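Single-letter residue listing:
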Amino acid sequence: MTLPKHLRPRYRYLAATLETWPDAAIDRAAFEAALVAAIRDLFGDAGVAAADARLRTYSLAEGAGTVVVRTRRAAVDTTRAGLAAMGPVEGAPIAVCVRGISGTIRGCEAKYLHGRQLPSAESTVAFEGVDRPAVVRGARVDVDLGDAFVGATDLDLI
Amino acid sequence: MYEAVRARPVGPSTVARLAATAADYGYAGVVVTNPPDAAVDAAVDAVGEACGIDVVDGLELTPADPSQAAGAVGHHRPTTTVLCLRGGTGALNRYAVRQPKLDVLTRPMAGRGDLDHVLVRAAAENGVRLAVDLGPVLRETGPSRSAAIAGLRKLRELIADADAPYIVTASPGSHLELRAPRELAAVAAVAGFDREAVERGLAEWGRLAARNRERLADGYVGPGVRVEEDA
């Protein structure tokens, strides 16, 4: 049902970058559920209702991605705290960093997320004297040790 | 603003990755606070230069009791820029707040740890910074998260009452657990900390590092007094 303009809720869009291990498969539904759970943990059911946080865009591949979260204007900090306090999602730790807030989805994608995602490539790197498979994104290198990953940069490769 | 981090071999991230991520999130520096038996062997200041961020060498002592702690503090103080001690028991907290050689008491409210107005006043007199550790609020769930928030609320009231020095950290164990200052401020608000208080606590790491570097430098005699070499 469409409300008259002065009664429509006012929304803000939070643009955030995501980072996790390359093998983590966190889908959109799991991310949204974890966000709502974190807001509920910190602010209760009333906080969840006040924030009314919904994912508008979501992408995550090979350990990096972006998300745009819509929230009520008065509850931007509630949603920001929820994004920070999600903890591991489906066993995988996920880093969320809000890059900017805007009144429109397009505005915040263009302004804060555009060009942030560097292409990733799988390659073999020499880490601590041993050749290992790795996922390389710019200077950042996630080295696959077999049972776990190590977060490194090109400075660590020798 | 600075953040305290633990690097490989303690966690899965190298110092360089932590420094690069912290720089991306808007920090001016990181303090590497590994325990002494798992210290970072890389030259941390060279990493900092390459990443465009200040990387400070620190240690977090994790002794079992105060007598162990006393030996470790004496041993590591002369070579460590930022020296922290992990609290979390009554005896360790009592020891740490009365030890002016210490910079930071970390995790004072964790586990069976607790503080009261007497201990916080002692910390203020001895210049021992109390750690406002947001880590459990960020990463725990349910009752342990509630307990962590309750602990931080109490700590905030004690710190305000005694005007005690404090630092803020998310105690990240990897680059994926780092959070930007604004995110930390949003989370700390649930324990009653305002944004300025969080920023002050994050900046305190940098002030500590600058002060201690001066103290550890050659020719330091006392505050404002140093021996100058003849040119």
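Thresholds, definitions, all that
Residues numbered from 1 in each chain as written. Chains lettered and ligands numbered in written order. Predicted model: local features only at pLDDT ≥ 70, side-chain atom pairs only at ≥ 80, totals over all residues. Heavy atoms only, no water. Core = buried A, V, L, I, M, F, W, Y, C linked by side-chain atoms within 4.5 Å. Buried < 20%, exposed > 50% of the residue type's maximum accessible area, 1.4 Å probe, protein only. Helix = DSSP H or I, 4+ residues; strand = E, 2+ residues; numbered from the N terminus. Contact = heavy atoms within 4.5 Å. Pairing = 2+ DSSP bridges. Axes fitted to C-alpha atoms, helices over the stretch in contact; angles between N-to-C directions. Parallel < 35°, antiparallel > 145°, perpendicular 65-115°, else oblique. Left-handed = near helix turned anticlockwise from the far one by under 90°. Nonpolar A, V, L, I, M, F, W, Y, C, P; charged D, E, K, R; others polar. pLDDT = per-residue confidence, 0-100. Buried area = accessible area lost by both parts, 1.4 Å probe. Salt bridge = Lys/Arg side-chain N within 4 Å of Asp/Glu carboxyl O. Polar contact = N/O pair within 3.5 Å; in protein donor to acceptor, adjacent residues only side chain to side chain.

**Q** Whenever I open this one, the nonpolar core confuses me. Can you help?
**A** Looking at soluble globular proteins, one finds that nonpolar side chains tend to be buried together. Residues and elements named next belong to chain B. One finds Leu85 and Leu130 to be the most contacted residues of the largest nonpolar core, which totals 73 residues. Ranked by the residues each element gives to this core, the list is headed by helix α7 (residues 142–162), at 7 residues. Residues contacting Leu130, with those up to four places away along its chain left out, are Val97, Leu105, Leu115, Val120, Ala123, Leu155, Ile159, Ala164, Pro165, Tyr166 and Ile167.

**Q** Can you help me understand the environment of Trp205 of chain B in this one?
**A** Residues and elements named next belong to chain B. Mapped onto the secondary structure, Trp205 falls in helix α9 (residues 195–216). In the structure, Trp205 is positioned 202 residues away from Glu3 in sequence and 7.2 Å away in space, judged by C-alpha atoms. Apart from residues no more than four positions distant in its own chain, Trp205 is found in contact with Tyr2, Ala4, Val31, Val82, Cys84, Val104, Ile167, Val168 and Thr169.

**Q** Help me understand the sheet that holds strand β5 (residues 120–127) of chain A in this model?
**A** Hydrogen bonding along the main chain pairs the strands of a sheet, whether they run parallel or antiparallel. Within the open sheet, the 4 strands sit side by side as β5-β6-β7-β8 (chain A). Their pairing is antiparallel. Lying at the two open borders of the sheet, with one neighbouring strand each, are β5 and β8 (149–153) of chain A. Pairwise comparison of adjacent strand axes, ignoring direction, gives a mean angle of 35° for this sheet. Alignment of β5 of chain A against strand β6 (residues 130–137) of chain A, held across 8 bridges, turns out to be antiparallel. Each bridged residue has a counterpart across the sheet, and for Ser123 of chain A the counterpart in β6 of chain A is Ala134 of chain A. On the sheet, helix α1 (residues 15–24) of chain B packs against β7 (140–144) and β8 of chain A and is oriented at approximately 140° with respect to β7 of chain A.

**Q** Explain the packing of helix α1 (residues 28–51) of chain A against α7 of chain B here, please?
**A** Between two packed helices, both the angle of their axes relative to each other and the distance between the axes serve to describe the pair. Packing of α1 of chain A against α7 of chain B brings their axes to within 11 Å, and their N-to-C directions diverge by 45°. In this view, α1 of chain A runs oblique relative to α7 of chain B, as classed from their interaxial angle. Where α1 of chain A crosses over α7 of chain B, the handedness of that crossing is right-handed. Residues Ala38, Asp41 and Leu42 of chain A of α1 of chain A form the contact with α7 of chain B, whose participating residues are Gly142, Arg145 and Ile149 of chain B. Here the contact of α1 of chain A with α7 of chain B is built from residues that sort into 3 nonpolar, 1 polar and 2 charged.

**Q** Looking at this structure, I do not really get the confidence of the model for chain B. What am I missing?
**A** If pLDDT is low for a region, its predicted coordinates should not be looked at in detail. Averaged over all residues, the pLDDT of chain B equals 92, while 99% of them reach at least 70. Two summary scores accompany this predicted model of the complex, namely pTM at 0.92 and ipTM at 0.92.

**Q** What should I look at first to understand the interface of chain A and chain B in this one?
**A** Accessible area lost upon the coming together of the parts serves often as the stated size of an interface. Chain A puts 36 residues into the contact, and the matching count from chain B is 30 residues. Summing both partners gives a buried area of about 2,600 Å² for chain A against chain B, and 55% of it is carried by carbon and sulfur. Interface area lost by chain A to chain B is led by Arg80, Ala84 and Arg140 of chain A, which between them contribute 20%. Viewed at the interface, chain B and chain A are joined by 7 salt bridges. One salt bridge connects Glu183 of chain B with Arg80 of chain A, and the closest N-O pair in it is separated by 2.7 Å. Counting every contact that joins chain A to chain B gives 16 residue pairs in polar contact (both at pLDDT 80 or more). For the side of chain A that touches chain B, the secondary structure elements donating two or more residues are α1, α2 (76–84), β4 (95–102), β7 and β8 of chain A. Across the side of chain A that touches chain B, the residue classes break down as 22 nonpolar, 4 polar and 10 charged.

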